[in-house]
Amino acid sequence: MADVARLAGVSSQTVSRVSNGHPMVSGDTRERVLAAMKELNYRPNSAARALKSGRFRTLGVILFTLATTGNVRTLEAISASAADEGYAITLLPVATPTSTDVHGAVTVLGEQMVDGIIVIMEVRLLDAAISLPPNTHVVVADSDAGDRYSVVDTDQSGGSEAAVRHLLDLGHRTVVHVAGPSESFAAQRRAHAWRKTLEEAGRPVPPPVAGDWSAASGYAAGLDLAADPTCTAIFAANDQMALGVLRALHERGRRVPEDVSVVGFDDIADSASFLPPLTTVHQDFAEIGRLCVDGVLRQIRNETTERGTTLVPTRLIVRASTAPPPHR
């Protein structure tokens, strides 16, 4: 820093102000300092700066799996939003969804000097509700912990209701649901909204078909549903399972959408390229990531200690996989 100050003809304090983005530096002076930094290949010592300020400009992310589309896209959105704010991400996968493992992950991240933590809590813990050490700056994504923490989630219920109502409005008598795994918060909310929408419309509620988010489980469900001539509308809890359903219906000679309409959830990048293009519920993962990062940074800056759940709206994307039911 002293070398830069000598070359630029300024004080070391001025160099410090420029490197920290302080506004009280004239334009000409700032340009001279930046030119000197470039000529001398000067880079501020981020570790020393962190020790002085108590801020490490790193956020920890805890999650249980990278095998699901929702988790991957949420993590991608968090990483992008953190980078926009000048923060890095430290990712820590947890082997099993237990409170002990989550506590251990928080301890490890604390030792790695993170400023705050985002937990992607898409499944219920096996042994207890989520409980983090006090004074932890934390935001939880995809959880039911809104009474204890700041939670950001997609409006799972609203999106599912829109999907089912779309099919009923087309004239289908009822809608069969291919559900996600029972331990998933998102799957629970989507299944509950599907059932509630049918009940409020006075329609029969067929037994849901269990899936595990994979296209293979959707394919197995689709084979069973293809054998039922009364099934004219299917709402799959995610797009991968909807893809499996489409394949099974095609193999069994059930045309989509002429014989059976299919709706998914997520609006993955490939859903518009399914055959036929898939009607689905769009999730705004970019907004989820932005709100998670914004929430934890506000806690770090002592701007809020609010608890509760923020829901990110969804929207139904209507494509070619849905149509009125066949005339009998």
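Structure shown above.
Overview of the structure. Since we're looking at a predicted model, the values are computed, not measured. Counting starts from 1 at the beginning of each chain's written sequence and moves along it residue by residue. Per-residue local features of the predicted model are confined to residues with pLDDT of at least 70, and side-chain atom pairs are confined, for both listing and counting, to 80 or more; whole-chain, interface and lining totals are unaffected and use all residues. Hydrogens and water molecules were not included; the side-chain quantities draw on all heavy atoms of the structure.

Some points on the pattern of salt bridges
Then step 1. Whenever a carboxyl oxygen of Asp or Glu lies within 4 Å of a side-chain nitrogen of Lys or Arg, that contact is scored as a salt bridge. A complete count under the given rule lists 14 salt bridges for this structure.
Then step 2. One salt bridge connects R124 with D144, and the closest N-O pair in it is separated by 3.3 Å. With R124 in the loop between strand 3 (116–120) and strand 4 (138–141) and D144 in the loop between strand 4 and strand 5 (150–154), this pair connects stretches of sequence that are 20 residues apart.
Then step 3. The rule is simple: take the accessible area with a 1.4 Å probe, protein chains only, and divide by the maximum for that residue type; under 20% is buried, over 50% is exposed, in between is partly exposed. Since its relative accessible area comes to 38%, D144 is described here as partly exposed.
Then step 4. With its nearest N and O atoms 3.0 Å apart, the salt bridge here joins R319 to D267. Highlighted residues: R319 in the segment after strand 12 (315–317) and D267 in the loop between strand 9 (261–266) and strand 10 (279–282), separated in sequence by 52 residues.
Then step 5. Of the residues examined, R319 reaches a relative accessible area of 23% and is grouped as partly exposed. Where helices and strands are cited, they refer to DSSP runs of H or I of at least four residues and of E of at least two residues respectively, numbered from the N terminus.

Remarks on the side chain of D239
Then step 1. Mapping D239 onto the fold places it in helix 10 (residues 239–251).
Then step 2. We define a polar contact as two N or O atoms separated by no more than 3.5 Å, with the added condition that, inside protein, one atom must be a possible hydrogen donor and the other a possible acceptor, whereas residues neighbouring each other in sequence contribute only through side-chain atom pairs. For D239, the side chain forms a polar contact with the main-chain nitrogen of D267, separated by 2.8 Å.
Then step 3. For D239, the side chain forms a polar contact with the side chain of T280, separated by 2.7 Å.
Then step 4. What D239 contacts, discounting residues up to four positions off in sequence, is G264, F265, D266, D267, I268, S271, F274, L278 and T280. It only takes one pair of heavy atoms within 4.5 Å for two residues to be counted as in contact.

So, the sheet that holds strand 12
Then step 1. In spatial order, the strands read 7-6-8-9-10-12; together these 6 strands make up an open sheet with mixed pairing. Both edges of this open sheet fall to strand 7 (209–210) and strand 12, since each of them pairs with a single strand only.
Then step 2. Here the rule is simple: two strands pair whenever DSSP picks up at least two bridges between them. For strand 6 (residues 176–179) and strand 7, the ladder comprises 2 bridges, and the chain directions are parallel. By the bridge assignment, V178 is partnered in strand 7 with V209.
Then step 3. On top of the sheet, helix 10 reaches strand 6, strand 8 (233–236), strand 9 and strand 10; it is set at about 160 degrees to strand 9, its chief contact. Whenever a helix is involved, its axis is fitted only over the stretch in contact; in every case the axis is a line through C-alpha atoms, and angles between N-to-C directions fall within 0 to 180 degrees.

As for the pairing of strand 3
Then step 1. Of all 5 residues making up strand 3, 5 are buried, and the element is well covered by its neighbours.
Then step 2. Both faces of strand 3 are covered, namely the face carrying G116, I118 and I120 and the face carrying I117 and V119.
Then step 3. The pairing of strand 1 (residues 58–63) with strand 3 spans 5 bridges and is parallel. Residue I62 lies in a different strand from strand 3, and its bridge partner there is V119.

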